[in-house]
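As a plain string of letters, each chain reads:
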Amino acid sequence: MTIRITWARAAAAILALALAGLLFAWSGVFNIAASSGHWKITDWFLHWTMRNSVRTYAAVTAPDDPKANEGLVSAAGLFKASCASCHGAPGVRPLPVMQAATPPAPDLSVNAREWTDKQIFWILKHGVKYTGMPGWAAKDRDDEVRRMVAFVRLLPAMSPATYRSLTEGPGVTDARIATCAGCHGADGRGRGQSDMPVLGGQSPAYLRAALEAYSTGKRQSAVMANAAATLTPAEMTRLADHFAAMPGIGRATPSGSTEAARIDREGLPNVQLPACASCHAPGKPYPVLAGQRASYIAQRLRNWRGDETVVDARKSQTTMPVIARRIPEDMIDPLARYLAGR
């Protein structure tokens, strides 16, 4: 007997298959338990699909400069707090409960060799569905992603001693302060890292407000949001008082080019750029910049400026991004050096 295929019969067959699939899903027979694992062919297909997707999207959307070779301390601190429990770290085994996931997180000391810098950037920024790998927890912080790319790239050859040196601040016995000192240093001066601000000398009220803003998402940083998320109000106050009391900011005299001095004191009225000193001075509710690390100031200004290929109307319209975009590009470094001072 010959079955004649018609459009009506084809449509009916497709509808029947769809209904059968819905009935199967509704029945609850399919076992979604992580403990059951995947069939080998399912595991292969999902990983094959993921790798193809990462290659395609990384080639099209990842930046040409996906790695920053400075600022490894902050990347290591975030890795220790958020990633090592799943992936392990040099000298540190992943938690057994995390390795019981389906699929388990890969060992980056091996797996990192299999990806390019652009592909690692894309994975870190966007995450991977159905694996437990989250996207980056802060909007418009590609600078943080770049630093993590550099850290992950070093993992295959990193020794336990090097990992400890990047993640631990020596000489601190208070556990909560030691966590912060791992990145900011026991003296609050950022362990010489270009992306770390000097905390000493800032007002306690400003540091307290910054911690709260990071914890609630008002300020964007995956590193600081992770650090502040579990702090109680009393702990925020104690940490702010501790680091603000240290010597550091405000002890330098701004010096440098006359053009930078003009921006600091007068601004640039022709482009509606206000004077830095109108907000960033002792006694005001904003951070003091005199004596701050020049590299940190320059990095933050450039990050606030955003992607130069994107029009202003599509960028953040909050205060500092708007101000940063009004500073001439060739004046960012001179201004940062001027504010850092002597």
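Presented here is an overview of the structure given in this document. Residue numbers run consecutively from 1 along every chain, following the written order of its sequence. In keeping with the model being predicted, local features are shown solely for residues with a pLDDT of at least 70 and side-chain atom pairs are shown and tallied solely at 80 or more, while totals for entire chains, interfaces and linings include all residues. Heavy atoms from the whole structure form the basis of all side-chain values; hydrogens and water molecules are not counted.

Describing unusual backbone geometry
In this chain, T102 is followed by P103 through a cis amide linkage whose omega measures 0 degrees. With a phi angle near 65 degrees, Y130 is a residue other than glycine that sits in the positive phi range. For the exposure calls, accessible area comes from a 1.4 Å probe over protein chains only, and a residue counts as buried if that area is under 20% of its type's maximum, exposed if over 50%, partly exposed in between. Among the residues examined, Y130 registers a relative accessible area of 75% and is labelled exposed. Of note in this structure, D140 is not a glycine but carries a positive phi near 55 degrees.

Quick notes on helix 9 (residues 175-184)
What counts as a helix is a DSSP run of H or I of at least four residues, what counts as a strand is a run of E of at least two, and both are numbered from the N terminus. I177, A181, G182, C183 and H184 are the residues of helix 9 that are buried. Whether two residues are in contact is decided by their heavy atoms: any pair within 4.5 Å suffices. Contact partners of the buried residues in helix 9: helix 3 (72-87), helix 8 (160-167), helix 11 (222-228) and helix 12 (233-244). Pairing of N or O atoms within 3.5 Å defines a polar contact, subject to two protein rules: one partner must be a possible hydrogen donor and the other a possible acceptor, and residues neighboring in sequence count only if both atoms are side-chain atoms. Where helix 9 begins, the side chain of D174 points an oxygen toward the backbone nitrogen of R176, at a separation of 3.0 Å. Directly beyond the C-terminal end of helix 9, a positive phi value near 85 degrees is found at G185.

A few points about helix 15 (residues 319-326)
Every buried residue belonging to helix 15 is among P321, V322, I323, A324 and R325, and all of these are buried. The inward-facing, buried residues of helix 15 contact helix 14 (294-305).

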